[in-house]
Structures are given as C-alpha cells and as structure tokens.
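# Fold and contact review
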Amino acid sequence: MAKTKRRWTKALIIIGIVLLVAAIALFVCGMSAADWDFKKLSTVRYTQKEYSLEEGAQTDSIFVRYTSAHVEISYREDASNVQISYPVRINSNGEEIASVSVTFDGGALRVEEKDDTFDLFSWNLSTPTLTVILPAGTECSLDIDTGNGSVSVSAANAVNAPSVKVHSDNGDIAISPAGGLHVRGNAEFSSDNGRVAVEGLTAEGNVTLESDNGNIDLTNASASAVSAETDNGNLTLTNLQVSGALTVKSENGDIRLRESVRAASFSAETDNGDIFVAEGGVLGANELTFRTDLGDIRINGALAGSQSDYTFFINTGTGSSNIPSGGSGAIRLNATTDLGNITLRFEK
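Described in the following lines is the structure provided in the data block. (Residues numbered from 1 in each chain as written. Predicted model: local features only at pLDDT ≥ 70, side-chain atom pairs only at ≥ 80, totals over all residues. Heavy atoms only, no water.)

## A short note on the overall build of the chain
Counted only if it meets this: Numbering of helices and strands runs from the N terminus, with a helix taken as a DSSP run of H or I at least four residues long and a strand as a DSSP run of E at least two residues long. Relative accessibility decides the category of a residue: with a 1.4 Å probe and only protein chains considered, values under 20% of the type maximum give buried, values over 50% give exposed, and everything between is partly exposed. To measure how exposed things are, a 1.4 Å probe is used in the Shrake-Rupley method; for residues, cover is taken only from the protein chains shown.
In terms of regular secondary structure, the chain is built from one helix and 29 strands. Across the 348 residues of the chain, 43% fall into the buried class. On the chain, roughly 17,100 Å² of surface is accessible, and the fraction owed to carbon and sulfur atoms is 50%.

## Quick notes on the pattern of salt bridges
Worth spelling out the cut-off: Salt bridge, as used here: a side-chain nitrogen of Lys or Arg that lies within 4 Å of a carboxyl oxygen of Asp or Glu.
This structure, assessed with the given rule, holds 11 salt bridges. For R195, the salt bridge is made with D217, and the minimal N-O distance between the two is 3.0 Å. Highlighted residues: R195 in the loop between β14 (187-193) and β15 (196-199) and D217 in strand β18 (residues 216-223), separated in sequence by 22 residues. Residue D217 is classed as buried on the basis of its relative accessible area, which comes to 16%. Here the salt bridges share partners, and the residues they tie into one network are E269, D271, R291 and D293.

## Regarding the environment of I275
Where we set the bar: Whether two residues touch is decided by their heavy atoms; if any such pair falls within 4.5 Å, the residues are in contact.
For I275, the position within the fold is in strand β22 (residues 275-277). Residues within four places of I275 in sequence aside, it is in contact with I255, A268, E269, T270, F290, R291, T292, D296, I297 and R298.

## Digging into the packing of aromatic side chains
Filter applied, for reference: Working definition: a ring pair exists when centres of Phe, Tyr or Trp rings (six-membered ring for Trp) sit within 6.5 Å. Plane angles under 30 degrees give stacked, over 60 give edge-to-face, the rest tilted. In this scheme, Lys NZ or Arg CZ marks a charge over a ring once it lies within 6 Å of the ring centre and within 35 degrees of the ring normal.
Tallied over the full model, the rule gives four aromatic pairs. Judged by centre distance (5.8 Å) and plane angle (20°), the rings of Y310 and F312 are stacked. Taking the relative accessible area as the measure of exposure, Y310 reaches 0% and is therefore buried. Taken together, the aromatic side chains of Y310, F312 and F346 make up a single cluster linked through ring pairs. Positioned over the ring face of F63 is R110, at 3.9 Å from the centre of the ring. For R298, the ring lying beneath its charged end belongs to F276, and the centroid distance is 5.0 Å.

## Overview of the side chain of S211
Put simply, the rule reads: Polar contact is the term for a pair of N or O atoms within 3.5 Å; when the atoms are in protein, one must be able to donate a hydrogen and the other to accept it, and sequence-neighboring residues count only if both atoms are side-chain atoms.
Secondary-structure assignment places S211 in strand β17 (residues 206-213). Classification of S211 by relative accessible area gives buried; the value is 3%. Within the structure, the side chain of S211 is placed 3.5 Å from the backbone nitrogen of N213, a separation counted as a polar contact. Look past the residues within four positions of S211 in its chain and what remains in contact with it is S191, D192, G194, V196, I216, E229, T230 and D231.

## A word on a negative patch on the surface
Worth spelling out the cut-off: A residue counts toward a patch only above 30% relative accessible area and without a salt bridge, and it is joined to like-charged neighbours within 9 Å or, for Val, Leu, Ile, Met, Phe, Trp and Tyr, to nonpolar neighbours within 5 Å. Only four residue types enter the tally: Lys and Arg on the positive side, Asp and Glu on the negative side; His and the chain ends are excluded. In this description, the location of a charge corresponds to atom NZ of lysine, CZ of arginine, CG of aspartate or CD of glutamate.
A cluster of acidic side chains, namely E188, E210, D212, E229 and E251, defines a negative patch on the protein surface. Position of E251 relative to the elements: it lies in strand β20 (residues 235-252).

## Remarks on the side chain of D217
A distance of 3.0 Å separates the side chain of D217 from the side chain of R195, its partner in a polar contact. The residues touching D217, leaving out its near neighbours within four places in the chain, are R195, V196, A197, V198 and T236.

## Quick notes on the environment of I323
Turning to its location among the elements, I323 is positioned in the loop between β27 (310-315) and β28 (331-339). For I323, a relative accessible area of 7% translates into the label buried. Taking the C-alpha atoms as reference points, I323 and F313, 10 residues apart in sequence, are found 9.6 Å from one another. Among residues more than four places away in sequence, those in contact with I323 are Q307, F312, I314, L344 and F346.

## What about unusual backbone geometry?
With phi around 50°, N220 is a residue other than glycine that occupies positive phi space. Topologically, N220 is positioned in strand β18. Residue N220 is classed as partly exposed on the basis of its relative accessible area of 35%. With phi around 60°, E259 is a residue other than glycine that occupies positive phi space. For E259, the position within the fold is in strand β21 (residues 255-272). With a relative accessible area of 47%, E259 lands in the partly exposed category.

## Details of the pairing of β17
Keep this limit in mind: Here the rule is simple: two strands pair whenever DSSP picks up at least two bridges between them.
For β14 and β17, the ladder comprises six bridges, and the chain directions are parallel. Within the sheet, the bridge partner assigned to S190 lies in β17 and is E210. Sheet analysis places β17 next to strand β19 (residues 225-232), joined by seven bridges and oriented parallel. From the neighbouring strand, T208 faces β19, where its bridge partner is S227.

Rendered as structure tokens:
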C-alpha cells in the first residue's frame, strides 16, 4: 500500500513538473512573438478621436474625467484654437465599449468618459493619452481627474488660471510651465499612488498637495498658505514664500527644505523620518514646530536670525539636543523627537 502511494506521488510530481515546463515554454514563446512587450497581451484597444473649438471661442474652464488615460495639457504659441485628442475604448471587433462625451457650453469645455462595462476576461495593460492643446495666453480653470494615468501641464510661457484642481488615482502629476503657473484662487494637486511635482507656482489662495504613496516636490512657489501631506514618501520644499501657514506631514518619509523657505508659521511632522534644512538653506517663520517619532531634526543650513531671537521648547526623548529649552525671543520654536537628535544652527 505504501509503495503504491509513493508511485502515485512520484507520478504526480513528474506530471506537475512537465506541465510547469510546458507553461514556461508557452510563456517564453508567446512573449518572444510579442517582442516581450506586455502591452501586446492587452485585450483592450483604443481608437483616437479629435475635437476642436472654433477659432476665437472663449474657454473659461476645462473639466476632464477619465477612467484610464494620461492627460497632457499643453499651451502652445502656434495654436489658434483649442484642440483635443482623446482615446475611446474598443473591443477586438472595433466596437466602442466606453462612451466619451465632449461638450462646450457657456465657456465650459467638458471631456467625460463613462465605462460601465465589466469583462472578467478583459486585460487592460496599456494607458492611452488624452491631449488638450490651448492657445498660449488662454486663461481658464483646470479640473482634471484620471483613474490610471499621469497628468502634466506644460507651456513655453506663463500660464494664468482662476483655479486649478488635478487628481490621479494611479499616476504622477507634473506641473512645470516654463514661465510659471499663476493661480488667482486655490490650487489642489493629489495622487493616491504617484509623485506630485509642482514647479513655478504662484497662488493668491491656498495650495494643497497630497499623495498616499509617493513623493511630493514643491519648487519656486508662493502662496497664501501651503499644506503638503504624504503617507509614504518624502517631502521636498525648495525656495518657498508663504504669507500664512506652511504645514507639511509624512507618516513614513523625510521632510527636506532647500534654499529659502519663509512662512508666517511652519509645521513639519513625520512618524518615521528626518526633518532637515539642507546646507545653504534658510528657514524663517514667526513660529516653528518640528516633530518626528523616529528620526533626527537637523538644521544643516540655518534658521533665520540669531539664537537670541527664539524661545525654545525642546523634547528629545532618548536623544540629545545642542540647544536646551529656554530663551526669551519673539519666535517660538517647538522641537520634539522620541528617538533621535536635534541640531539647530542660525543665520547670525
């Protein structure tokens, strides 16, 4: 009886190995035929469609909602009207399986994809691109939301907008017009899984940057208030001027300040990571709060002013600090780390 069981066990093992080898061989042959391009395995296809506004049509706002698409907003000197190139999802027979509506009413341009289909045996391994080309100098609000894809805004010159709101579920956000982005109201940038990078932003209102899983970079910016938060990622702030509160938070990641960062009040908090001002950088505010559970607080550059300008509230837990609590200056500085050291340096 025992010998019979062993024979069956060996037979099943041999059969399993043969099937595994056959599966690997089929996979290698199939991928070789596809030039190892996994996108070719996708059962979903796209056809590209075009839409244009009449020359001279005034656009006050652009609203985009897409399930899966990279969204590129480009302001062009050679464009005389608004032009849109957008993808429509089709099946293997060329039949549209998602509807896309493009409407223009009262200055509002809307591009919306609706996909209510569900196919258990459908694989979408590619991400198409939706492109919006605007004449240089166009001033309109932007409200962009895509499920799977990146979002970018580019221009050779300055871009002006009443308000900006950009979101991606799974994709990076890159905002970098060469002449800067000037927003008269609020500006919001968020990604659930992706990096958020904004450069050259001037906002008369508040600026919000969020990412669940990704780094946040804000460079050469000014605003009434700035809030930046990521659950898992680093926050890097470079050359900022904030008339109100500057608040940054990361659960797992470093907070890095570079060049000149000035605000009415500054708060930086991370559960697992360092908070530091890079060498050559200067941080200035009327009230400063630093807190990290597991990490150091390091001013490798400098805090604005001299040590006598500050009143210090220092709590190092098991670490050490080169500056004790005390002082009588007008600037309040709170620094707390549970497991880490505190090193403070000053401009004067």
